[in-house]
Structure formats: structure tokens, C-alpha cells
Amino acid sequence: MSMSVTAFKSGAKGNPVQITEDEAAVYDRQIRLWGLEAQQRMRNATILIVRLRGTATEVIKNIVLAGIGKLVLVDSDEVTYEDLGAGFLFREEDVGKKKVEAAKARIESLNPLVTVQTMKHHTLLERESLDALVMSVDLVCVTDWHREGLVSELLDRSRPLQTWELTSTVFEIRINEVCRRFGRPFYAGGTFGLLGYIFCDLLKHDYIAPDRSAQGDAPRSVKASQIYSPLHMALRHQWSGLTKRQTKELNPAAVYAILALWEYQKIKDGKVPDSVDAAPELLSIANAMLTEAEVNPQVLSTMPSELIESVCTSAAHEFSPVCAVVGGLLAQDILKALAAREAPIANFFVFDGNSGSGTVVRMNM
């Protein structure tokens, strides 16, 4: 199935839709919190989410309840028994059905004011169809895909896509590039067992931030702006300019556990470790990346073996609490970006479920 540009209708690219009295009543508490203008931006936003797993279900729940205008959901997979754990949009009777078909009615029931469009054909994520799809939305969020899908510069457009790419990376191989080409903010997030991450590339993002230096009757907020890096630049981040204390605060072990898993997936055609037998190879990958990034050896000279072993035995599984934390923060940041109030993540967040802590690393920003 191929899809032309004209087959997609733009969300907020036309005339903005005004919030009705009924909608204002539904969103009254939110409007009091962040203002009518911010709610109006959300109301006119069309959000594309690709791949429906545990992280995505949390994101969808929060942004739909918050009152976006339209959700476009793309996933070609079928529901499995493994999806019933963290995927609260699915029921046992849904096993074998297409995920988007099983979830659509339950998503709509969360907030009937939000339009939900589902797409189940992976060909929508190929070349010209992908361009048209990205142009038709206001923000793109891709969940639980690996690095080769995120880093567009690695794609050879002249060759046919491999089977493993069609199932796990057909979209993200070039999504960051496509989003930048059409000026669309881009988010990626996901979990590997007890670890989770969020990356965002918001291009040049303007927002209103609280003015903590304001005194008396002075303005309580100021306009601010942030320039973001694409993922392929963020991955070249060097840690040599940080002090020992700064490096330690950023928990580089958790960061490079995520980055090493991405490298492992590249080597293994998209697969993640599923037993402790993979620990030596993953440890070697992670240590090489630590050295290349010039992480302070006084803080972390080698990856903790217990962390690597934990990753190897849990990365292939989803845990509802981890999905809830990562998906909740991802949804919150998407809403921040839409509302243009307060600073979003800049630009790589990592959650370590082993310690229950999270950290934000400014990677090449």
C-alpha cells in the first residue's frame, strides 16, 4: 500500500479551532493551571505516535486526557500475551488482533473530544508516505525502537529494507531527519527492563519560563529559547569538560547502559540481550563507549558488572512501573512543548529503576 501526500489531512496547519464552552468546562482545571492559550495550542495539535507498547500507552493516556486535538497511531503488530502486562489498553480477548484496532475504542473512551486515527500498514512508514505523514502532524513521538531507526544518516535509501528493519526500524532509521526537514518536533522514548530513556529534538524551541529573579511588581515570567541537536550529533557527546562531581551526578553508568544496548541491537539485527550469557559482549561495548566519550575514569572506569548482568536478564521485558514513569514524563514533556510553557527536557533523560532515580544529560547542546 502506498500513500500520497494528499491522502493526509493536516492537523493545526489550517485555521485554528477555538475551544468551545463544553470543552472549556471539561478542561477547566487544566486551563486554570496553564492558561487558555496553552490549552488552545494542545486543542489544535495533531500528534503522531509510532509503536504501541507499554511506554506508548502511558503517553497516549496522558496526552488524550489533557485534550490534544487529534492522535494518529501507527503500529502494524498484533497483540500478544506479553503485551497484556504493561499494555493496559489490551485485554486477553485482543490477542491476535491488530494492536491499533484493539486499542482504538478504549483510547476514544478516555476522551471523546479527541479524534483518534489508526494506521496498521508498515508501508505508511516508507519513503514518500513517511514524508507525507510527518507533514500532516505537529509533533512526532516514536517509542521503543532502537538507535539505527533514530539516526537517519545511516540509511541507504537506494537499497531495499531488510525484514528486521520492517519490523523494528523502518520508521526511525530516518525519522529524526524527516522531522527536521519539515520542522516538526521529535520525541523518542522507551524502556529496557528496569531502564528507560527519553530523547527530544525540538529544533529551536521558544517558551515562557518563570523569572526567579523578579522582585516586587516586575514580570513573573520571561521568554526563553533553546537550540536542540539531532540525535546523531547528541550521540557524539564528549564528557571531558565536566568535573568529577558533575559527571557523578549524571549517572553515566545508566546512560551508557542504554547507549550500549542500542549498539548491541545494531550488531544483533534489532535483538536485545535475553540472558546473562550476553553480559561479556555488552560490557565490552559499554566500556569502549565510555572510553571514546572520555567519561572521567575517576568516576566510572568500567561499567558495573551487576548493572550489565541486570540489563542482560531484564532488557527484553516490560515492567509496568518503569513504563508508567517514563511514559508519564514523556507525555508531560510533550505537553510542555505544545503549551510552550516551562523548559522541556534538554535533551536526554535516563531513568534507572534499580535506584528509582532519573537524570537529564545535555548531549551536545
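Residues numbered from 1 in each chain as written. Predicted model: local features only at pLDDT ≥ 70, side-chain atom pairs only at ≥ 80, totals over all residues. Heavy atoms only, no water.

Would you mind going over the overall build of the protein chain with me for this structure?
Across its full length, the protein chain holds 15 helices and 10 strands. For the protein chain, buried positions account for 52% of its 365 residues. Of the contacts made within the protein chain by residues no fewer than 6 positions apart, 68% connect residues no fewer than 24 positions apart. (Helix = DSSP H or I, 4+ residues; strand = E, 2+ residues; numbered from the N terminus. Buried < 20%, exposed > 50% of the residue type's maximum accessible area, 1.4 Å probe, protein only. Contact = heavy atoms within 4.5 Å.)

In this structure, what is going on with the pattern of salt bridges? I would like to understand it.
A side chain of one charge can pair with a side chain of the opposite charge when the charged atoms of the two come close. Counted under the stated rule, the structure contains 18 salt bridges. With its nearest N and O atoms 2.8 Å apart, the salt bridge here joins Asp28 to Arg32. With Asp28 and Arg32 both in helix α2 (residues 28-34) and four residues apart, this pair spans about one turn of that helix. For Arg32, a relative accessible area of 68% gives the class exposed. The partner of Glu342 in a salt bridge is Lys336, and the shortest N-O contact between them spans 4.0 Å. (Salt bridge = Lys/Arg side-chain N within 4 Å of Asp/Glu carboxyl O.)

Please clarify how the sheet that holds strand β2 (residues 70-74) should be interpreted in this entry.
Strand pairs in the sheet, formed through backbone hydrogen bonds, run parallel or antiparallel to each other. Spatial strand order, β3-β2-β1-β4-β5-β6-β9-β10: eight strands in an open sheet with mixed pairing. In the strand order of this sheet, the two ends are held by β3 (115-119) and β10 (357-361), each with one partner. Between one strand axis and the next, the sheet turns through 15 degrees on average, direction left out of account. Here β2 pairs with β3 via five bridges, running parallel. Of the residues in β3, the one forming a bridge with Leu73 is Thr118. Seen against the sheet, helix α5 (residues 99-110) touches β2 and β3 and runs at an angle of roughly 175 degrees to β3. (Pairing = 2+ DSSP bridges. Axes fitted to C-alpha atoms, helices over the stretch in contact; angles between N-to-C directions.)

I would appreciate a short explanation of the pairing of strand β4 (residues 139-143) in the present structure.
β4 sits mainly inside the fold: five of its five residues count as buried. Burial along β4 is two-sided: the face carrying Leu139, Cys141 and Thr143 and the face carrying Val140 and Val142 are both buried. Here strand β1 (residues 46-50) runs beside β4; their pairing, made up of four bridges, is parallel. If you follow Ile49 over to β4, its bridge partner there is Cys141. Where β4 lies against strand β5 (residues 186-192), four bridges are found, and the strand directions are parallel.

Explain α5 here, please?
Each full turn of the α-helix corresponds to 3.6 residues, which orients residues three or four apart in the same direction. Under the 1.5 Å per step criterion, the end-to-end length of α5 is 17 Å for 12 residues, consistent within 8% with the ideal 16 Å. Listed as buried for α5 are Lys99, Val100, Ala102, Ala103 and Ile107. Axial view of α5: buried residues confined to an arc of 150 degrees, hence all on one face. Among the exposed residues of α5, those pointing more than 90 degrees away from its buried face are Ala105 and Ser109. (Expected span 1.5 Å × (residues − 1). Arc of directions from axis to C-beta.)

Please clarify how the confidence of the model for the protein chain should be interpreted in this entry.
The predicted coordinates ought not to be read in detail in places where the model reports low pLDDT. Residue-level pLDDT values for the protein chain average 84, and 84% of them are 70 or greater. The element-level mean pLDDT for the protein chain is lowest in helix α8 (residues 163-168), coming to 40, with strand β9 (residues 348-352) highest at 96. Note that pLDDT drops below 50 for residues 1-12; the model gives that stretch 25 contacts with residues more than four away or on any other chain. Between residues 152-171, whose pLDDT stays under 50, and residues either more than four places distant or in other chains, the model counts 45 contacts. (pLDDT = per-residue confidence, 0-100.)

It is not clear to me how the packing of aromatic side chains should be interpreted in this structure. Could you clarify?
When we look at a pair of aromatic rings, we describe it by the centre distance and by the angle of the planes. Considering all chains together, one arrives at five aromatic pairs under this definition. Ring centres 5.1 Å apart and planes at 85 degrees place the aromatic pair Tyr197 and Trp262 in the edge-to-face group. Taken as a pair, Tyr197 in strand β6 (residues 195-201) and Trp262 in helix α12 (residues 252-267) lie far apart in primary sequence, 65 residues in all. An angle of 75 degrees between the planes, with centres 6.2 Å apart, marks the rings of Trp262 and Phe348 as edge-to-face. With Trp262 in helix α12 and Phe348 in strand β9, this residue pair connects regions lying 86 residues apart in the sequence. Grouping residues by exposure puts Trp262 and Phe348 together as buried. Here the aromatic cluster, defined as three or more aromatic residues joined through ring pairs, consists of Phe192, Tyr197, Trp262 and Phe348. (Phe/Tyr/Trp six-rings, centres within 6.5 Å; stacked < 30°, edge-to-face > 60°.)

Got a minute to help me understand the nonpolar core in this structure?
Nonpolar side chains in soluble globular proteins tend to be buried together. Counting residues in hydrophobic clusters, the biggest one holds 56 residues, and the most contacted among them are Val140, Tyr256, Met303 and Phe348. Here the element with the most residues in this core is α12; it accounts for 11 residues. Setting aside its immediate chain neighbours within four residues, Phe348 contacts Tyr197, Ile198, Phe199, Val255, Ile258, Leu259, Trp262, Thr359, Val360, Val361 and Met363. By size, the runner-up hydrophobic cluster in this structure holds 44 residues, among which are Val64, Leu89, Ala337 and Phe349. (Core = buried A, V, L, I, M, F, W, Y, C linked by side-chain atoms within 4.5 Å.)

Would you mind showing me how to read the environment of Lys61 here?
Topologically, Lys61 is positioned in helix α4 (residues 54-66). Once residues within four sequence positions are removed from consideration, Lys61 is found in contact with Phe88 and Leu110. Engagement of the side chain of Lys61 in a polar contact is seen with the side chain of Glu58, the distance being 3.1 Å. (Polar contact = N/O pair within 3.5 Å; in protein donor to acceptor, adjacent residues only side chain to side chain.)

Explanation requested: the side chain of Thr55 in the structure shown.
Relative to the helices and strands, Thr55 resides in helix α4. Taking the relative accessible area as the measure of exposure, Thr55 reaches 0% and is therefore buried. If near-sequence neighbours (up to four positions away) are discounted, Thr55 is found in contact with Thr143, Asp144, Gly189, Gly190, Thr191, Glu318, Cys323, Val326, Gly327 and Leu330.

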